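# Coordinates in review
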Amino acid sequence: MLTTLSVQLLFLFNPVNSVLQQLYCTIADSCNCDFKPNIKDLEWDLYRNLYGQHLVQDIVSEEVARFLQNKNPDRPLVLSFNGPSGTGKTLVSSMLGNHLYGSAMSSPYVHQFVPTLHFPLPDRVKQYREDLKSWVQGNLTECARSVFFFDEMEKMPPGVVDVLEPFLGPSHVVFRTNYRKAIYVFIGTTGEEVITRVALENRQAGRDREEIKLHDLQEALTQTVHNSSTSGFFNSSIIQQRLITRFVPFLPLSRHHVERCVRSQLCSQGLCSRDDIVEAVGGAMTYTPFQGHYFSSTGCKAVTAKINLFL
């Protein structure tokens, strides 16, 4: 306690406070990063505004709570969001940013990487690895509680994210960087075939959607992400070393879930009573497979455009 207080006072009275601040960031919980986690609100948001994703709701709320309750974690929290488009991966990412920092993606301590923007050329993997390592280490030095999102992992050149391996495991030391309190989220569609197949088999067997368990998907999803040549984790040492805390499968959405998305957006516009729009948009979506029409092919992704079409 006295040591922490002494460091804080030195910030105020010592001209070399920037160096001391970096040192303090390596030993403090949040430094001055404006880290304001609200786990109860995150859980409430997940269960109230995310539709058809019981596995996501349970895994994300439990893993984030467990990680933040540990004042001295031995490794960062690493999640991989996998599933079809329009199923809520971006929404949950925004929820995480919002309930950890109160400002979603606009916080200077929440960082988003998009392959087509940051790593567009597959023949520049070596340079991208150097850049990524520098960016991550620099941001962790500024704030131990940094959050990193890697979007569209199916478009990430294989080998780029492997440079993060020293930051993700328990046995490596990164000089002057408290890397164990960070959160990494990898987002992509790789594995959607595995997830959809399990959901379809479950539906055809007449079982409730909520009967699908994580163990039904975890190993097959892990292998698919590792073995797919279109995955940013293709033959990745991060997968081989089992440095992903949890793979989080997003299930395909049925018409019922799509209509809940429609209703939610209409209510945000003060149009909750427009049952005709809910029915029209739900009926205008494309569903798969051909025999059964169980799942929306675009999830809730096209809902906004369809609502505007029918209003």
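A brief look at the structure comes next. Fair warning: this is a prediction, and the values are worked out from it, not measured in the lab.

## Considering the packing of helix α3 (residues 39–49) against helix α5 (residues 89–101)
- Their axes nearest at 10 Å, the elements α3 and α5 cross at an angle of 155°. Compared by their axis directions, α3 and α5 come out roughly antiparallel. Judged by the twist between their axes, the crossing of α3 over α5 is right-handed. Where α3 abuts α5, its residues Asp 41, Leu 42, Asp 45, Leu 46 and Asn 49 lie against Leu 91, Val 92, Met 95, Leu 96 and His 99.
- Looking at the contact of α3 with α5 residue by residue, the class counts come to six nonpolar, two polar and two charged.

## Some remarks on the environment of His 118
- Mapping His 118 onto the fold places it in helix α6 (residues 115–118).
- Residue classification places His 118 among the partly exposed positions, given a relative accessible area of 25%.
- Residues His 118 and Tyr 128, ten residues apart in the sequence, show an inter-C-alpha distance of 8.2 Å.
- Not counting residues within four places of it along the chain, the set of residues in contact with His 118 comprises Gln 112, Phe 113 and Tyr 128.

## Regarding unusual backbone geometry
- The omega torsion across Thr 288 and Pro 289 is -10°, close enough to zero to call that bond cis.
- Among the structural elements, Pro 289 can be located in the loop between β6 (287–288) and β7 (295–296).
- Even without glycine at this site, Glu 152 takes up a positive phi of about 50°.
- Relative to the assigned elements, Glu 152 resides in the loop between β3 (147–150) and α8 (165–168).
- With a relative accessible area of 24%, Glu 152 lands in the partly exposed category.
- Backbone geometry at His 293 places phi at a positive 50°, although glycine is not the residue there.

## Digging into the state of the cysteines
- Evaluated as defined, the whole model comprises three disulfides.
- Here Cys 33 pairs with Cys 143 through a disulfide, and the sulfurs are 2.2 Å apart. Because the torsion about its S-S bond is 110°, the bridge between Cys 33 and Cys 143 counts as right-handed. In this pair, Cys 33 sits in the loop between α2 (17–27) and α3 while Cys 143 sits in the loop between α7 (125–142) and β3, placing the two residues 110 residues apart along the sequence.
- For Cys 143, a relative accessible area of 0% corresponds to the buried category.
- Two residues share a disulfide in this structure: Cys 261 and Cys 300, whose sulfurs sit 2.0 Å from each other. Judged by the sign of its S-S torsion, about 80°, the bond between Cys 261 and Cys 300 is right-handed. Linking Cys 261 in helix α12 (residues 255–268) with Cys 300 in the loop between β7 and α14 (303–310), this pair joins segments that are 39 residues apart in sequence.

## Quick word on the pattern of salt bridges
- Here the structure, examined in full by the defined rule, presents ten salt bridges.
- Glu 63 is paired through a salt bridge with Arg 246; the nearest N and O atoms lie 3.4 Å apart. Of the two residues, Glu 63 is situated in helix α4 (residues 54–69) and Arg 246 in strand β5 (residues 246–249); the sequence distance between them amounts to 183 residues.
- By relative accessible area, which is 8% here, Glu 63 ends up buried.
- Judged by its relative accessible area of 31%, Arg 246 is partly exposed.
- We note a salt bridge from Arg 75 to Asp 74, for which the minimum N-O separation is 3.9 Å.
- A relative accessible area of 29% means that Arg 75 is categorised as partly exposed.
- The exposure class assigned to Asp 74 is partly exposed, which follows from its relative accessible area of 46%.
- The network of salt bridges with shared partners includes Glu 63, Arg 66 and Arg 246.

Rules used throughout
- What you see as residue numbers is a count from 1 along each chain, following the sequence as written.
- Given that the model is predicted, a residue must reach a pLDDT of at least 70 before its local features are reported, and side-chain atom pairs must reach 80 or more before they are shown or counted; all residues, however, enter totals for whole chains, interfaces and linings.
- Hydrogens are left out, water is left out, and the side-chain values use all remaining heavy atoms of the structure.
- Lines fitted to C-alpha atoms define the axes here, with helix axes fitted over just the stretch in contact, and angles between the N-to-C directions of these axes take values from 0 to 180 degrees.
- Helix numbering and strand numbering both begin at the N terminus, where a helix is a DSSP run of H or I of at least 4 residues and a strand a DSSP run of E of at least 2.
- Angle categories: roughly parallel below 35 degrees, roughly antiparallel above 145, roughly perpendicular from 65 to 115, and oblique for all the rest.
- If you view the pair so one helix is near and one far, a crossing is left-handed when the near helix is turned anticlockwise from the far one by less than a right angle, and right-handed when it is turned clockwise.
- Contacts are residue-level and defined by heavy atoms, with any inter-residue pair within 4.5 Å sufficient.
- The residue classification treats Ala, Val, Leu, Ile, Met, Phe, Trp, Tyr, Cys and Pro as nonpolar and Asp, Glu, Lys and Arg as charged. All others, Gly included, are polar.
- A simple rule labels every residue: compare its accessible area, found with a 1.4 Å probe on the protein chains alone, to the largest value its type can have, and call it buried under 20%, exposed over 50%, or partly exposed in between.
- Disulfides are defined in this document as cysteine sulfur pairs within 2.5 Å.
- A side-chain nitrogen of Lys or Arg and a carboxyl oxygen of Asp or Glu constitute a salt bridge if their distance falls within 4 Å.

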